[in-house]
Amino acid sequence: MSVEYLSINGGELVPVRTVKKIGPVTDEDRESLSALNSRIDADRFHSRIDYADKTKNYVPESIDDLAAQGLALVTIDDENGVAVPADNIKKAKNLTDEDRARFEASTGKPMRADYLARIETRAGAVLATLRADMVMKRMSQPYRAATGAQAAETPAEPSEDADPAAYRSAAEAYDIG
């Protein structure tokens, strides 16, 4: 199921096509929000939404709450929980040394070493800590909020380092294919 709008902040509607990426609010984000104004209750925010126009919005909805609205998400950074709407992904490309050098030349600082791919979305480019092919594989089975029964039935994605023999077909295993 694909959705066109997300309901955030108790009823505001935002078009999904403008969403660049979504992630959990970090401790650093909370400190920054609290420093802006002592009356801000930073603990009430659970997610940060970055938009195509380079603005961001802190919202009380969790990533699961947003996914429960029918939003299919592709996690592009497992460690930090950053995801992009699956329907917004246009293409992905692994980063090269030349890409890293170009980034450093334009920004004056080195790119994080754990970034492996550049993902082009309808809302702009984002960097991923996964290879481009893994991001594309995740598009076919995007993250969605799961109820307890669904969570138990959903198979875990095999890790890249998993034993490939465990994922071979019986025909391959017995050399009859």
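Please refer to the structure higher up on the page.
From a predicted model like this one, the values you see are computed outputs, not experimental measurements. (Residues numbered from 1 in each chain as written. Predicted model: local features only at pLDDT ≥ 70, side-chain atom pairs only at ≥ 80, totals over all residues. Heavy atoms only, no water.)

Focus: the overall build of the protein
Here is step 1: For the protein, the count of helices and strands is 6 helices and 10 strands.
Here is step 2: Looking at the protein residue by residue over its 177 residues, the buried ones come to 32%.
Here is step 3: Considering only residue pairs separated by 6 or more positions, the protein has 54% of its internal contacts joining residues 24 or more positions apart.
Here is step 4: Summed over its atoms, the accessible surface of the protein is roughly 11,200 Å², and 49% of this surface lies on carbon and sulfur atoms. (Helix = DSSP H or I, 4+ residues; strand = E, 2+ residues; numbered from the N terminus. Buried < 20%, exposed > 50% of the residue type's maximum accessible area, 1.4 Å probe, protein only. Contact = heavy atoms within 4.5 Å. Areas by Shrake-Rupley, 256 points an atom, 1.4 Å probe, with all protein chains shown as cover.)

Re the side chain of Asp-50
Here is step 1: Looking at the secondary structure, you find Asp-50 in strand β4 (residues 47-51).
Here is step 2: Judged by its relative accessible area of 13%, Asp-50 is buried.
Here is step 3: In this structure Asp-50 touches Thr-18, Val-19, Lys-20, Lys-21, Thr-55 and Lys-56, once residues within four positions along its chain are discounted.

Description of the packing of aromatic side chains
Given two aromatic rings, their pairing is described by the distance between the two centres and the angle made by the two planes.
Here is step 1: Applying the stated criterion across every chain, the model contains 1 aromatic pair.
Here is step 2: Between Phe-45 and Tyr-58, the ring centres sit 6.3 Å apart and the planes meet at 55 degrees, which makes this aromatic pair tilted. Separated by 13 residues along the polypeptide, Phe-45 in the loop between α1 (27-36) and β4 and Tyr-58 in strand β5 (residues 56-59) bring together distant segments of the chain. When sorted by exposure, Phe-45 lands in the same class as Tyr-58, which is buried.
Here is step 3: Seen from the ring of Tyr-115, Arg-112 lies directly overhead, with NZ or CZ sitting 4.3 Å from the centre. (Phe/Tyr/Trp six-rings, centres within 6.5 Å; stacked < 30°, edge-to-face > 60°. Lys NZ or Arg CZ within 6 Å of the ring centre and 35° of its normal.)

Brief notes about the environment of Asn-9
Here is step 1: Structurally, Asn-9 is set in the loop between β1 (5-8) and β2 (12-15).
Here is step 2: Under the relative-accessibility criterion, Asn-9 is labelled partly exposed at 26%.
Here is step 3: Taking the C-alpha atoms as reference, Asn-9 lies 5.9 Å from Val-59; in sequence the two are 50 residues apart.
Here is step 4: Residues within four places of Asn-9 in sequence aside, it is in contact with Asn-57, Tyr-58, Val-59, Pro-60 and Glu-61.

Description of the environment of Arg-48
Here is step 1: Tracing the backbone through its elements, the reader meets Arg-48 in strand β4.
Here is step 2: Note: C-alpha distance between Arg-48 and Pro-60 (12 residues apart in sequence) is 9.0 Å.
Here is step 3: Apart from residues no more than four positions distant in its own chain, Arg-48 is found in contact with Lys-21, Ile-22, Gly-23, Pro-24, Val-25, Asp-29, Lys-56, Asn-57 and Tyr-58.

Focus on the pattern of salt bridges
Here is step 1: Taken as a whole, this structure holds 10 salt bridges when the rule is applied.
Here is step 2: Notably, a salt bridge pairs Asp-50 with Arg-48, separated by 2.9 Å at the nearest N-O pair.
Here is step 3: The closest approach of N and O atoms between Arg-112 and Asp-77, which form a salt bridge, is 3.6 Å. With Arg-112 in the loop between α3 (97-107) and β9 (117-121) and Asp-77 in strand β6 (residues 73-77), the pair connects residues that are 35 residues apart, well separated along the chain.
Here is step 4: Judged by its relative accessible area of 35%, Arg-112 is partly exposed.
Here is step 5: Connected through shared salt-bridge partners, Lys-93, Glu-98, Asp-99 and Arg-102 make up one network. (Salt bridge = Lys/Arg side-chain N within 4 Å of Asp/Glu carboxyl O.)

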